[in-house]
Amino acid sequence: MIRIISLLFFILFVYGCDHKMVYEQNKDIQDGWRLDQIINFNVDIKDTISNMEMFINIRHTSDYPFTNIWLFINTLDPQGQHKKDTVECVLAEKSGKWKGSGLGRIKFLRTKLKNIRFDSKGPHKIFIEQAMRHGSKPNVQILPEIINVGIRLQKTNYTDVQK
């Protein structure tokens, strides 16, 4: 009986801790993130009242050759309105120590992009492209050691949202 009660509390704890999450999905990247590889997310928005936070999830190895990653984030709402953001995610401190969490070679970092309130319900599309440049080269054709990239939306109590 004690085992059953303990198991119930554990399940409630695990599932109850993330009640703010509205959407989260991560997509794997194989053999490096190519410049022409666009990662797509289809998000069905049901809530146009709540303020939300948008995050980018990056999982990489400790062999990733840069301390940051530049991304183009494109969004398309059900009415066809397009928005484009350029975002830098800093993955390591100036000392070279990786930010985020993880044991061994695999590191995970969730970076807040912005506060947002969706104007319309329905299917929204989010597209992520890597936008890395290196020195005098115009762009990095294949970005190595990125394992997966994801999006997370969660409810917040903030009132300073961007539309």
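In this convention, every chain numbers its residues from 1, walking through the sequence in written order. Only residues with pLDDT of 70 or above have their local features reported here, since the model is predicted, and side-chain atom pairs are shown and tallied only from 80 upward, although totals for entire chains, interfaces and linings are computed over all residues. Side-chain metrics in this entry use all non-hydrogen atoms of the structure; hydrogen atoms and water are not considered.

**A word on the sheet that holds strand 3 (residues 39-45)**
Here's step 1: Read across the open sheet, the four strands follow the order 3-8-5-6; overall the sheet is antiparallel. The open sheet has two free edges, formed respectively by strand 3 and strand 6 (82-90), since each of these has just one partner strand. Averaged over all adjacent pairs, the angle separating strand axes in this sheet is 25°, with direction ignored. For two strands to count as paired, DSSP must find a minimum of two bridges between them. Where helices and strands are cited, they refer to DSSP runs of H or I of at least four residues and of E of at least two residues respectively, numbered from the N terminus. Orientation is described by lines fitted to C-alpha atoms, with helices fitted over the stretch in contact, and by angles between N-to-C directions that extend from 0 to 180 degrees.

**A look at the pairing of strand 4 (residues 51-61)**
Here's step 1: Only protein chains enter the area calculation, which uses a 1.4 Å probe; residues under 20% of their type maximum are buried, those over 50% are exposed, and those in between are partly exposed. Counting buried residues along strand 4, ten of its eleven residues qualify, which places the element largely inside the surrounding structure.
Here's step 2: Sheet analysis places strand 4 next to strand 10 (residues 146-156), joined by ten bridges and oriented antiparallel. Of the residues in strand 10, the one forming a bridge with Met52 is Lys155.
Here's step 3: Examined bridge by bridge, strand 4 and strand 7 (residues 106-116) share ten bridges and lie antiparallel to one another. Of the residues in strand 7, the one forming a bridge with Ile56 is Thr111.

**Observations concerning the sheet that holds strand 7**
Here's step 1: One open sheet accounts for four strands, arranged 1-10-4-7; its pairing is antiparallel. The sheet terminates laterally at strand 1 (21-28) and strand 7, the two strands that pair on one side only. Taken pair by pair, the neighbouring strands of this sheet meet at an average axis angle of 15°, ignoring direction.

**Remarks on the pattern of salt bridges**
Here's step 1: We define a salt bridge as a side-chain nitrogen of Lys or Arg found within 4 Å of a carboxyl oxygen belonging to Asp or Glu. With the rule as written, the count across this model stands at nine salt bridges.
Here's step 2: Across the pair Lys46 and Asp44 runs a salt bridge whose closest N-O atoms are separated by 3.6 Å.
Here's step 3: The exposure class of Lys46 is exposed, given its relative accessible area of 62%.
Here's step 4: Among the residues examined, Asp44 registers a relative accessible area of 46% and is labelled partly exposed.
Here's step 5: The residue Glu145 makes a salt bridge to Arg105 at a minimum N-O spacing of 3.8 Å. Remark: Arg105 occurs in the loop between strand 6 and strand 7 and Glu145 occurs in the loop between strand 9 (142-143) and strand 10; sequence separation between them is 40 residues.

Scope: geometric values only; no functional claims are made or implied.
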